[in-house]
Amino acid sequence: MKQILSQSTLLTAASLVAVVTGDEYTHRYKKGDRVDLWVNKVGPYANPQEAYEYYTLPYCAPDTKHHPSNENGAFNALKAHSIGERLGGHALRHSGHDLLFADDKGGVLETCTTEKLTDEQTALFAKAANDQWFYQMYVDDLPVWGMVGEMLPDLDAAKSEKFGSDLSHLEEAVAKHAREGGALTPYVYTKRTLVVSYNDDRVVKVDLTSDPSSLKEVKKGMALTFELDIQWAKTNTPFHSRFDRYLDHAFFKHQIHWFSIFNSFMMVLFLMGLVALILLRTLRKDYARYALNHGPGGRDLEMAEQHNDHHGSDDEDEDVDENGKPLLDEGGRPSGPAGRMGVEDSGWKQVHGDVFRAPKFLPLLAAILGTGWQLVTLVMGVVLFAVAGPLHGEVHEERGEVLHAILVFYSLSSIVAGYASGSYFKLYFATTPAGRSKGGAAAGGTTQWQLTMGLTVLLLPTILVSILSVLNFIALCYQTIYYIPFLVLLKLFFLWVFVSVPLCILGTLLGRHAKLGGKKSDPFPCRVNAIPRPIPDDIQWYGVPANLIPFAGLLSFGSIFIELYYILTSLWNYKFYHVYGFLLGVYAILCLVVCMTTVIVVYFSLNSENYLWQWTAFYSGSSTALYVFLYSIYYFVFKTSMNGLVQTSFYFGYMLLISLGVGTLCGTLGHWSANKFVRTIFQNVKVD
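Residues numbered from 1 in each chain as written. Predicted model: local features only at pLDDT ≥ 70, side-chain atom pairs only at ≥ 80, totals over all residues. Heavy atoms only, no water.

Peer 1: Can you explain helix 16 (residues 486-512)? Please cite residues and give values.
Peer 2: In an α-helix there are 3.6 residues to a turn, and that puts residues three or four apart on one side. Across its 27 residues, helix 16 extends 37 Å between first and last C-alpha, which sits within 8% of the 39 Å expected from 1.5 Å per residue. Helix geometry: helix 16 is bent most strongly at Trp 496, by close to 35°. Among all positions in helix 16, only Val 488, Ser 500, Val 501, Cys 504, Gly 507, Thr 508 and Gly 511 are buried. (Helix = DSSP H or I, 4+ residues; strand = E, 2+ residues; numbered from the N terminus. Expected span 1.5 Å × (residues − 1). Bend = angle between axes of the 7 residues up to and from the residue. Buried < 20%, exposed > 50% of the residue type's maximum accessible area, 1.4 Å probe, protein only.)

So this is what it looks like as structure tokens:
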């Protein structure tokens, strides 16, 4: 036991020494200070999530004072990781290489030699060369990458041809050999050159190159000697722009990106015009007809029905002008049939006694909407945090910074989820049979409240845990670095139990006691009838919600699919996403498009006398998720070269989570806009 504690103390001390001598937090060094070289991971280039610890491959330790045989060596010392880093698949270990800041000796060559390769080690190197494995290292928080090896024909034959002894045309040699039908052999790079550029007392640039002439064939029983040539160079590049070389400005700020923003903006203008047409023309005509029915010149509905039976109702708009006002005769009275008899109520006004009836599965819908508002707050908070990067540090420069921000905003926004679900349930519970009865309001209401609160607390975490548990099990079986360690899981559980859950419960209680009706005792513009009105079956195709919902989702997806391509490329193709201003603009456009398309769908549904608009509004917005997931399938097949169980599981697991999140967010926004629309139109209707 004492020996274990002693080894643990030495390991901790070695880590502390590494932090003190190499100041990676202020990024300032003095000449001769030690700069740590951290090794992170290795894995197939085509599969970002199939990554393993660097020393999974049989690389050797450098023959320096930090060698494992030395008592105070820093080799294999783990770097302290935040929760965000662990969730992002980072497992940095000290390489053991000696880097002294601004060393002007003209270069330091560090070497090490492996033991004789066994069958298993030979197979590992061969697999790495065949599957195009790469490795990642960090120097002063700057990443560098390199390839493990290559699959090549016989090198001696290649060197004797025109390709040259430096093998600078390896691809040409491989292509020629493939045409001739020859077999390829695994080779490993054994010499690497690390050039560290510095400006004054700061590291500004790191370059890593592999020497093609150092390629060695992998054979059982042979020992490989690896070399690292460390060189220092001065540069005038300022420190604040040292990360710019990692940002693909030509890709992210391409003309197509700007055009997509403009295209989405034009779509918003079109939809705004369509909604304005509904509100200013169609609804005004509806109001005018309904006013005629209740005005001085109106008569009972039976006369209107008789008139419609004799003359038809196709010309119902003849009694109003282009502005929706009734036509008048010479005496100033309404002309036409509308002036002689009342106009029958038709369309959306017919459902005024049912439109504010509680939706089916009220606790579930309340919990979903609460979760949706939490996601709306979460996304807005994280995007604004990223946009403000120049003030607190760019998020793409810090490993796991975005994931850490997501955890913080998720925990704090739990109060929003609780308040939104609690207030929504309170709003509609009074219209349910249990809410109408005195005994039911007390007995059944308590149970329904508890169910609503429980669903709000558990809904999103249950989905996350279910999917991530499967992915974590797969990652653990394959021993990749993307598995979540038990200690990290424990921290996440404590964060949820002691921060997220209490805030969600507090928000639910606040929503339950919130005053929703203002000065009025009734929060709705119209009373809810005790007996539900039957919904007609013989309606036009455009009045069926199932026919309209897919079109609404398609329009919403059309406003974001270009930006979605850039986001997926950043997630799955090793690019640093940094254009958060674009993301904020697209997010705003998405909110507007979802709101307006949902209003249109709900209007057509109400006009067909279908008053079940709550779930229709949610489905209208959430249908965007279906197109997002279908696009992810297209992206996987045509835009990537991913393969294998690990990568396929992670890709579709994460994309399923993203799609569900987008659907919940958009569905919540759609329901909110539909609620505002329904309240607005029924507030201006005179009901007997």
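Peer 1: Run through the sheet that holds strand 4 (residues 108-113), naming residues and quoting values.
Peer 2: Taken together, the four strands give an open sheet; going across it, the order is 4-12-9-10, and neighbouring strands pair in mixed fashion. Pairing within the sheet leaves two strands with one partner each, and these edge strands are strand 4 and strand 10 (202-210). Each adjacent strand pair in this sheet contributes to an overall mean axis angle of 20°, direction not counted. Bridge count between strand 4 and strand 12 (residues 225-234): six bridges; the pairing is antiparallel. Residue Cys 112 lies in a different strand from strand 12, and its bridge partner there is Phe 226. (Pairing = 2+ DSSP bridges. Axes fitted to C-alpha atoms, helices over the stretch in contact; angles between N-to-C directions.)

Peer 1: Hey, could you go over helix 18 (residues 561-572) for me, with residue numbers and the actual values?
Peer 2: Along its twelve residues, helix 18 runs 16 Å from first to last C-alpha, staying within 8% of the 16 Å computed at 1.5 Å per residue. Along helix 18, the positions that sit buried rather than exposed are Glu 563, Leu 564, Tyr 566, Leu 568, Thr 569, Ser 570 and Trp 572.

Peer 1: Mind laying out the sheet that holds strand 7 (residues 149-152), listing which residues take part and the relevant values?
Peer 2: In space, the three strands of this open sheet follow the order 7-8-11, with antiparallel pairing throughout. Of all strands in the sheet, those bounded by a partner on one side alone are strand 7 and strand 11 (216-217). Judged from the two bridges that link them, strand 8 (residues 185-188) and strand 11 form a sheet pairing that is antiparallel. Within the sheet, the bridge partner assigned to Tyr 187 lies in strand 11 and is Glu 217. Each of strand 7 and strand 8 is contacted by helix 3 (residues 119-130), which is oriented at about 80° to strand 7, the strand it contacts most. (Contact = heavy atoms within 4.5 Å.)

Peer 1: Describe the pairing of strand 5 (residues 133-139), naming the residues involved and giving the relevant values.
Peer 2: Burial analysis of strand 5 places seven of its seven residues in the buried class, which makes it a mostly covered element. By the alternation rule, side chains of strand 5 split into Trp 133, Tyr 135, Met 137 and Val 139 and Phe 134, Gln 136 and Tyr 138, which are all buried. Pairing of strand 1 (residues 37-44) with strand 5 involves seven bridges; the strand directions are antiparallel. Looking at strand 5, one finds that Lys 41 is bridged to Gln 136. Sheet topology places strand 5 next to strand 6 (residues 142-147); six bridges connect them, and they run antiparallel. Of the residues in strand 6, the one forming a bridge with Met 137 is Val 144.

Peer 1: Talk me through a nonpolar patch on the surface; I want residue IDs and the actual numbers.
Peer 2: Residues Phe 259, Phe 262, Phe 265, Met 266, Leu 269 and Met 272 make up a contiguous nonpolar surface patch of roughly 620 Å² in combined accessible area. Classification of Phe 262 as partly exposed rests on a relative accessible area of 49%. (Patch = residues over 30% accessible without salt bridge, like charges linked within 9 Å, V, L, I, M, F, W, Y side chains within 5 Å. Areas by Shrake-Rupley, 256 points an atom, 1.4 Å probe, with all protein chains shown as cover. Salt bridge = Lys/Arg side-chain N within 4 Å of Asp/Glu carboxyl O.)

Peer 1: So, the environment of Ser 214: which residues are in play, and what are the values?
Peer 2: When you line up the elements, Ser 214 lands in the loop between strand 10 and strand 11. Ser 214 gets classed as buried once you look at its relative accessible area, which sits at 7%. A sequence separation of 24 residues divides Ser 214 from Thr 190, and the C-alpha atoms of the two residues are 5.4 Å apart. Excluding residues within four positions of it along the chain, Ser 214 makes contact with Val 188, Tyr 189, Thr 190 and Lys 191. A distance of 2.6 Å separates a polar side-chain atom of Ser 214 from the backbone oxygen of Asp 211. (Polar contact = N/O pair within 3.5 Å; in protein donor to acceptor, adjacent residues only side chain to side chain.)

Peer 1: Got a sec to walk through the pattern of salt bridges? Specific residues and values, please.
Peer 2: For the structure shown, the criterion picks out 13 salt bridges. A salt bridge links Arg 28 to Asp 201; its shortest N-O distance comes to 3.1 Å. Taken together, the residues span a long stretch of sequence, with Arg 28 in the loop between helix 1 (2-21) and strand 1 and Asp 201 in the loop between strand 9 (191-199) and strand 10 at a distance of 173 residues. The class of Arg 28 is partly exposed, set by a relative accessible area of 43%. Linking Arg 245 and Asp 207 is a salt bridge whose minimum nitrogen-to-oxygen distance equals 2.6 Å. With a gap of 38 residues between them, Arg 245 in the loop between strand 12 and helix 6 (249-252) and Asp 207 in strand 10 connect regions that are remote in the sequence. On the accessibility criterion, Arg 245 (42% relative accessible area) is partly exposed.

Peer 1: Kindly report on the state of the cysteines, identifying the contributing residues and their values.
Peer 2: Applying the stated criterion to the full structure yields one disulfide. One disulfide in the model links Cys 60 with Cys 112; its S-S distance is 2.0 Å. On the S-S bond that ties Cys 60 to Cys 112, the torsion sits near 70°, and the link is right-handed. Remark: Cys 112 occurs in strand 4 and Cys 60 occurs in the loop between strand 2 (52-53) and helix 2 (83-87); sequence separation between them is 52 residues. Side by side, Cys 60 and Cys 112 carry an identical accessibility label, which is buried. For Cys 591, which is in no disulfide, the shortest distance to another cysteine sulfur is to Cys 595 and amounts to 6.5 Å. (Disulfide = S-S within 2.5 Å.)

Peer 1: Could you give me a rundown of the environment of Leu 464, with the residues and numbers involved?
Peer 2: Its location among the elements puts Leu 464 in helix 15 (residues 438-478). On the accessibility criterion, Leu 464 (30% relative accessible area) is partly exposed. Along the primary structure Leu 464 and Gly 653 are separated by 189 residues, whereas in three dimensions their C-alpha atoms are 9.9 Å apart.

Peer 1: I'd love a proper account of unusual backbone geometry, names of residues and values included.
Peer 2: You will see that His 27, though not glycine, has its phi angle at about 60°, which is positive. Position of His 27 among the secondary structure elements: in the loop between helix 1 and strand 1.

Peer 1: Report on the packing of helix 20 (residues 613-622) against helix 22 (residues 645-683), specifying residues and quantitative values.
Peer 2: Across the interface, helix 20 lies against helix 22 with an axial gap of 6 Å and an inter-helix angle of 135°. Our classification of the angle between helix 20 and helix 22 gives oblique. Read as a crossing pair, helix 20 and helix 22 show a hand that is right-handed. Two secondary-structure elements touch here, helix 20 through Trp 613, Gln 614, Ala 617, Phe 618, Gly 621 and Ser 622 and helix 22 through Gly 663, Thr 664, Cys 666, Gly 667, Thr 668, Gly 670, His 671, Ala 674, Asn 675 and Val 678. (Parallel < 35°, antiparallel > 145°, perpendicular 65-115°, else oblique. Left-handed = near helix turned anticlockwise from the far one by under 90°.)

Peer 1: Lay out the nonpolar core in plain terms, naming residues and giving numbers.
Peer 2: Judged by nonpolar contacts, the single largest core of 43 residues is most densely connected at Leu 606, Trp 613, Val 678 and Phe 682. Here this core gets eight residues from one element, more than from any other, and that element is helix 19 (residues 580-607). Phe 682 has contacts with Trp 348, Lys 349, Val 351, His 352, Val 355, Phe 356, Pro 525, Cys 526 and Leu 606, leaving out every residue within four places of it along the chain. Cys 112, Val 144, Leu 194 and Ile 230 belong to the second largest nonpolar core, which has 40 residues in total. (Core = buried A, V, L, I, M, F, W, Y, C linked by side-chain atoms within 4.5 Å.)

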